[in-house]
Amino acid sequence: MSVIAAFYGGKSILITGATGFLGKVLMEKLFRTSPDLKVIYILVRPKAGQTLQQRVFQILNSKLFEKVKEVCPNVHEKIRAIYADLSQNDFAISKEDMQELLSCTNIIFHCAATVRFDDTLRHAVQLNVTATRQLLLMASQMPKLEAFIHISTAYSNCNLKHIDEVIYPCPVEPKKIIDSLEWLDDAIIEEIAPKLIRDWPNIYTYTKALGEMVVQQESRNLNIAIIRPSIVGATWQEPFPGWVDNINGPNGLIIAAGKGFLRALKATPKAVADLIPVDTVVNLMLAVGWYTAVHRPKSTLVYHSTSGNLNPCNWHKMGVQVLATFEKIPLERAFRRPYANFTSNNFTSQYWNAVSHQAPAIIYDCYLRLTGRKPRMTKVMNQILRTASMLEYFLNRSWEWSTYNTEMLMSELSPEDQRVFNFDVRQLNWLEYIENYVLGVKKYLLKEDMAGIPEAKQHLKRLRNIHYLFNTALFLIVWRLLIARSQMARNVWFFIVSFCYKFLSYFRASSTLKV
Ligand SMILES: CCCCCCCCCCCCCCCCCCCCCCCCCC(=O)SCCNC(=O)CCNC(=O)[C@H](O)C(C)(C)COP(=O)(O)OP(=O)(O)OC[C@H]1O[C@@H](n2cnc3c(N)ncnc32)[C@H](O)[C@@H]1OP(=O)(O)O
Ligand SMILES: NC(=O)C1=CN([C@@H]2O[C@H](COP(=O)(O)OP(=O)(O)OC[C@H]3O[C@@H](n4cnc5c(N)ncnc54)[C@H](OP(=O)(O)O)[C@@H]3O)[C@@H](O)[C@H]2O)C=CC1
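By the naming in an unreviewed UniProt entry, the protein chain is Fatty acyl-CoA reductase, taken from Theropithecus gelada. A UniProt comment under Subcellular location (unreviewed entry) is attached to the protein chain, and it reads "Peroxisome membrane". Database annotation for the protein chain, UniProt heading Function (unreviewed entry): "Catalyzes the reduction of fatty acyl-CoA to fatty alcohols."

As structure tokens, this is what we get:
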């Protein structure tokens with residue numbers, strides 16, 4: 001019997017960010033392994049014209065929750081969606097709902113955040129810092145609270161090379177930033193943002209670092225732990241391999257590569273690709289929730305959920321395997337054949353951008369114009385290149401994250417818990433994982449049918465023929481122009497033709513002699 005699964009039985013659990021990538025996998029695992037839990041409160045806002053109930057209905061009826069429905073048929077009754085907007089005062093939660101949350105919650109998993117790298121400083125601080133402070137304040141008024149688990153990121157201190165499982169101070173106090181944002185106008189905030197974030201690469205990682213400081217400063221007597229995942233990828237094993245549902249991080253790049261839009265990337269081939277499967281992160285979160293509540297460590301413990309120091313993979317290996325999978329299982333209606341080139345050199349990268357990305361997009365848009373359609377490829381290409389350039393910082397560096405706390409926790413688990421809540425990334429087979437990941441992107445994110453694979457392969461063959469035809473035509477045109485304009489080109493051409501002629505004559509003569 002799993003000790004951790006039993007621990008969550010009968011508990012009231014509050015999850016923020018439950019509609020996000022990590023949040024959904026967390027809920028799924030909780031319902032599947034502890035179907036006798038009392039209730040999961042989720043703080044949700046209406047979005048994209050959907051009410052709270054519609055959003056919950058959609059999640060529970062998704063493929064991800066298929067297994068849950070078998071083990072926990074009354075899952076609908078155990079989930080309680082509470083209207084909340086984390087960027088508002090008191091989260092805009094009604095008095096009755098707040099009362100219920102304060103009096104009943106046993107465990108909090110705080111996953112909500114804005115993960116956009118280019119968000120405004122005001123919004124990112126509101127979500128990643130102020131909302132964390134507000135939630136801690138709420139937590140301090142919860143008499144039954146046993147543990148508060150805060151999800152940060154392994155990149156919150158990416159301005160350092162070696163990162164320990166400790167909270168590092170930020171140069172400016174979070175409180176000072178929160179206070180000043182109250183009276184500064186947006187234009188001034190955006191002007192001072194680059195000065196504030198200093199050597200952090202973007203607003204996201206900076207505000208996540210501030211969020212950790214807030215956790216440390218406002219922890220009062222609470223049992224708190226911080227989890228820092230690196231780049232969270234598709235599921236490894238549970239509930240099934242390869243599940244993924246948004247275009248963040250690697251996912252967008254995998255699609256862009258598979259569709260033949262992205263054929264080169266400014267990345268250091270040997271740099272560590274620190275991906276961590278989402279189910280591994282969730283297993284660690286649940287183990288940390290149990291450990292923090294039951295063992296009550298004296299200080300706030302930080303746990304790294306990373307793969308680089310235990311089972312490293314690099315971008316080259318990852319890129320090669322992504323391409324190998326596209327050979328077997330191509331995406332439908334590709335723009336060009338998938339091809340990949342990792343380069344860390346600025347000049348080469350700009351060359352590839354011009355030749356492999358911008359030129360084909362312009363040519364295709366000309367074709368669309370000529371055939372009376374609206375050009376769109378240049379816009380799509382620019383968006384992909386913008387995203388790729390935002391991720392460049394992470395593709396050209398390696399970090400060392402120590403994992404003492406994570407390994408200590410692993411050794412504290414019973415063999416059964418180590419199996420049910422496995423977060424030992426040493427057991428991960430990268431080649432298999434990446435293949436399932438790419439397959440998952442095709443099936444669950446792009447919703448492409450496997451029956452369409454033969455047609456997709458046929459389409460790639462046609463693209464290859466077009467490519468050869470195009471290159472031959474280009475060569476002939478360039479050659480014709482050169483011959484017409486340059487005496488030297490004519491001389492070279494004359495030399496090549498006469499050399500070939502002499503070689504053929506010699507070959508014919510010698511074969512006649514042999515006979
Ligand atoms: C030898 C082999 C060589 C191979 C060579 C090469 C080939 C390559 C082979 C492949 C190899 C694989 C390597 C993988 C590398 C991975 C590196 C990852 C590093 C990650 C580090 C992460 C570290 C930190 C980790 C963390 O700690 S946390 C999480 C990380 N955070 C992020 O990953 C957010 C980033 N992104 C943004 O910050 C924003 O995306 C931004 C970028 C500003 C754009 O922003 P923008 O241009 O505005 O575009 P969007 O608004 O995003 O969307 C644009 C359009 O897509 C639509 N759309 C948005 N969503 C969705 C959605 N769900 N579902 C459906 N559609 C959506 C939206 O509707 C809009 O459509 P439209 O309206 O135009 O029609
Ligand atoms: N994905 C990754 O690679 C990594 C993620 N992390 C951390 O993990 C956590 C979860 O990330 P992930 O699941 O990927 O992110 P998602 O973007 O998928 O999910 C973010 C969640 O936060 C919610 N949210 C955002 N703004 C508000 C708001 N104003 N009010 C209420 N809810 C809000 C979203 O709700 P809605 O659906 O309504 O938008 C969504 O549920 C974050 O803290 C992130 O920093 C850390 C390392 C890597």
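After that view of the structure, there is still more to cover.
Caption draft 1: Fine view of the UniProt feature "domain: Thioester reductase (TE)" (unreviewed entry) in the protein chain. Mapped onto the present numbering, the UniProt feature "domain: Thioester reductase (TE)" (unreviewed entry) falls at residues 15-285. Spanning residues 15-285, this segment combines 41% helix with 14% strand, and its end C-alpha atoms are found 12 Å apart.

Caption draft 2: Region of interest: the packing of helix α11 (residues 278-295) against helix α15 (residues 404-412). Running from N to C, α11 and α15 point in directions that differ by 75°, and their axes come no closer than 11 Å. As the angle between them shows, α11 and α15 are arranged roughly perpendicular. Contacts between α11 and α15 involve Leu 284, Ala 287, Val 288, Trp 290, Tyr 291 and His 295 from the former and Thr 406, Met 408, Leu 409 and Glu 412 from the latter. Partitioned by chemical class, the residues of the contact of α11 with α15 number 7 nonpolar, 2 polar and 1 charged.

Caption draft 3: Up close: the pattern of salt bridges. Counted according to the given criterion, the structure contains 21 salt bridges. Between Glu 332 and Arg 333 there is a salt bridge, with its nearest N and O atoms 3.8 Å apart. Using a relative accessible area of 67% as the deciding quantity, one classes Arg 333 as exposed. Between Glu 448 and Lys 442 there is a salt bridge, with its nearest N and O atoms 2.8 Å apart. Assessed through its relative accessible area of 1%, Lys 442 is described here as buried. Beyond isolated ion pairs, a larger network of salt bridges with shared partners links Glu 28, Lys 29, Arg 32 and Glu 238.

Caption draft 4: Seen up close, the sheet that holds strand β1 (residues 12-16). Within the open sheet, the 7 strands sit side by side as β3-β2-β1-β4-β5-β7-β11. Their pairing is parallel. Two strands lie at the open edges of the sheet, namely β3 (79-83) and β11 (301-305), each paired on one side alone. Going from strand to strand, the sheet's axes swing by 20° on average, the running direction of each strand aside. Sitting on the sheet, helix α9 (residues 203-217) is in contact with β5 (147-151) and β7 (224-229), with an inclination near 165° to β7.

Caption draft 5: Spatial organisation of the nonpolar core. Counting residues in each nonpolar core, the largest one holds 106 residues, and the members touching the most others are Ile 15, Phe 109, Met 285 and Leu 409. Here this core spans two domains, and each of domain 1 (3-240 + 273-310 + 400-407) and domain 2 (241-272 + 311-399 + 408-448) adds at least three residues to it. Excluding its chain neighbours within four sequence positions, the residues that come into contact with Phe 109 are Tyr 8, Ile 13, Leu 14, Ile 15, Thr 16, Leu 26, Ile 149, Met 285 and Leu 286. One finds Leu 14, Ile 93, Leu 184 and Leu 196 within the second-largest nonpolar core, a separate group that totals 49 residues.

Criteria and thresholds
- Residues numbered from 1 in each chain as written.
- Chains lettered and ligands numbered in written order.
- Predicted model: local features only at pLDDT ≥ 70, side-chain atom pairs only at ≥ 80, totals over all residues.
- Heavy atoms only, no water.
- UniProt positions renumbered as here; feature names shortened; annotations may be inferred.
- Helix = DSSP H or I, 4+ residues; strand = E, 2+ residues; numbered from the N terminus.
- Axes fitted to C-alpha atoms, helices over the stretch in contact; angles between N-to-C directions.
- Parallel < 35°, antiparallel > 145°, perpendicular 65-115°, else oblique.
- Contact = heavy atoms within 4.5 Å.
- Nonpolar A, V, L, I, M, F, W, Y, C, P; charged D, E, K, R; others polar.
- Salt bridge = Lys/Arg side-chain N within 4 Å of Asp/Glu carboxyl O.
- Buried < 20%, exposed > 50% of the residue type's maximum accessible area, 1.4 Å probe, protein only.
- Pairing = 2+ DSSP bridges.
- Core = buried A, V, L, I, M, F, W, Y, C linked by side-chain atoms within 4.5 Å.
- Domains from an automatic or database assignment.

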